[in-house]
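In case you want the letters, here they are:
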Amino acid sequence: MSERPFPSRKPRFQRPHGKPGRRDPKAWRPNFEIDTTILYGWHPVFEALRNGKRSIRRLLATENSARRLSEELGGPLPLEPEIVRPDEINRLLEQDAVHQGLYAEADPLPSPSVDTLSGQRVVLALDQITDPHNVGAILRTAAAFDVEAIITTARHSPAATGVLAKSASGGLEHVPFMIVRNLSDTLIALGERGYQRIGLDSSGEANLDEIDIRLPVVLVLGSEGKGLRQRTRECCDVIGRLDMPGAIKSLNVSNAAAISLFAVVKGAFRNVKT
């Protein structure tokens, strides 16, 4: 899978070349420019419409989905949807994408910077995690734990759109991405501002539960297989690990993110209270 879910191209509708209601791979046209966020599916679109910081350019909906949106939002939609058939949305997305009768094009959300982070909430950094499904799942978990921002690099990271947004199930509206050129430089800058930098790796020197965690803190996760790069490790104050009692000792990175975020958030705010 490529680093970005879809190549850069403006959306357009086409008349179906196959049977009605079925996706025709030859008719499919990837559909966004770099400055456009593509959202599809109930939770991503619904949460975007509820987000006052999100500017929606275009909204496509089936009749049933438009009616449900109006009911769930409790009034008129902030943007008049174009009522379409499901197969018209099909042709704007990858084959087998589950859109539930909703598709939106929006402006990207504002991105925080090192200087605008509050230091009062946990920050998450991803070191070359490239699968948009994994990053989307991590984003959903990050939203559940009230993470302030997710730091990723401009290269070797999926765009915050399309498949990633769908996998995040609305989480994209609650945790902004901070896109940086160099992760190591950013970690150094955070360290200069007092952030505790905790890397996660199976070879870590301490169980994550044993680390004295404090705010401000940034948790750094590496890619599956490669883990944290050496330069990234060198920019962390401590490398923690997850000690698994069962027969399987390794986890998918999104599962590891959920467990480690629980430990870091619990530890950080326990120290705030004491």
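The rules behind these values
Residues numbered from 1 in each chain as written. Predicted model: local features only at pLDDT ≥ 70, side-chain atom pairs only at ≥ 80, totals over all residues. Heavy atoms only, no water. Helix = DSSP H or I, 4+ residues; strand = E, 2+ residues; numbered from the N terminus. Polar contact = N/O pair within 3.5 Å; in protein donor to acceptor, adjacent residues only side chain to side chain. Contact = heavy atoms within 4.5 Å. Pairing = 2+ DSSP bridges. Axes fitted to C-alpha atoms, helices over the stretch in contact; angles between N-to-C directions. Salt bridge = Lys/Arg side-chain N within 4 Å of Asp/Glu carboxyl O. Buried < 20%, exposed > 50% of the residue type's maximum accessible area, 1.4 Å probe, protein only. Core = buried A, V, L, I, M, F, W, Y, C linked by side-chain atoms within 4.5 Å.

## With respect to the side chain of Asn134
- Here Asn134 lies in helix H4 (residues 132-144).
- Reaching out from Asn134, the side chain makes a polar contact with the side chain of Asn252 at a distance of 3.3 Å.
- Apart from the residues lying within four places of it in its own chain, the contact partners of Asn134 are Ile129, Glu224, Asn252, Val253 and Ser254.

## Quick look at the sheet that holds strand S4 (residues 102-106)
- Strand order in the open sheet made by the four strands is S1-S4-S2-S3, with mixed pairing throughout. Of all strands in the sheet, those with a lone pairing partner are strand S1 (37-40) and strand S3 (82-83), marking the two edges.
- Pairing analysis gives two bridges linking strand S2 (residues 56-61) to S3, with the strands arranged parallel. The residue bridging Leu60 from the neighbouring strand is Glu82, located in S3.
- Contacts between helix H1 (residues 42-50) and the sheet are confined to S1, S2 and S4, with S1 contributing the most and set at about 120° to the helix.

## Focus: the pattern of salt bridges
- Scanning the model with the defined rule gives 15 salt bridges in all.
- Residue Arg58 pairs with Glu105 through a salt bridge whose shortest N-O separation is 3.6 Å. Of this pair, Arg58 sits in strand S2 while Glu105 sits in strand S4, and the two are 47 residues apart along the sequence.
- Put simply, Arg193 and Asp115 hold a salt bridge, and the shortest N to O gap is 2.7 Å. Of the two residues, Arg193 is situated in the loop between helix H6 (183-192) and strand S8 (196-200) and Asp115 in the loop between S4 and strand S5 (123-127); the sequence distance between them amounts to 78 residues.
- Here Asp115 falls in the exposed class, since its relative accessible area comes to 60%.
- Salt bridges sharing common partners tie together Asp35, Arg57 and Asp107.

## Quick notes on unusual backbone geometry
- For the bond running from Leu215 to Pro216, omega is -5°, close enough to zero to count as cis.
- In this fold, Pro216 is placed in the loop between strand S9 (206-207) and strand S10 (217-222).
- Look at Gln100: it is not a glycine, yet its phi comes out positive at around 55°.
- Inspection of the secondary structure assignment puts Gln100 in the loop between helix H3 (86-90) and S4.

## Re the nonpolar core
- If you look at the biggest cluster of nonpolar residues, it comprises 50 residues, and the most contacted ones within it are Leu124, Leu126, Leu139, Ile150, Ile198, Val217 and Leu221.
- Ranked by residue count, the leading element in this core is helix H8 (residues 253-273), at eight residues.
- Excluding anything up to four places from it in sequence, Leu124 contacts Ile138, Val147, Ala149, Ile150, Ile151, Val218, Leu219, Leu221 and Leu261.
- Core analysis: the second largest hydrophobic core is formed by 19 residues, Val123, Ala149, Ile151 and Val218 among them.

## Examining the sheet that holds strand S11 (residues 238-241)
- Strand order in the open sheet made by the seven strands is S7-S6-S5-S10-S8-S11-S9, with parallel pairing throughout. Across the chains shown, the open sheet's two edge strands, defined by having one partner strand only, are strand S7 (177-180) and S9.
- Inspection of the sheet shows S8 paired to S11 by three bridges, in the parallel sense. By the bridge assignment, Gly199 is partnered in S11 with Ile239.
- Most of the contacts of H4 go to S5, to which it runs at about 170°, and overall it touches S5, strand S6 (149-153) and S7.
- Along the sheet, H6 makes contact with S5, S6, S7, S8 and S10, crossing S6 at roughly 140°.

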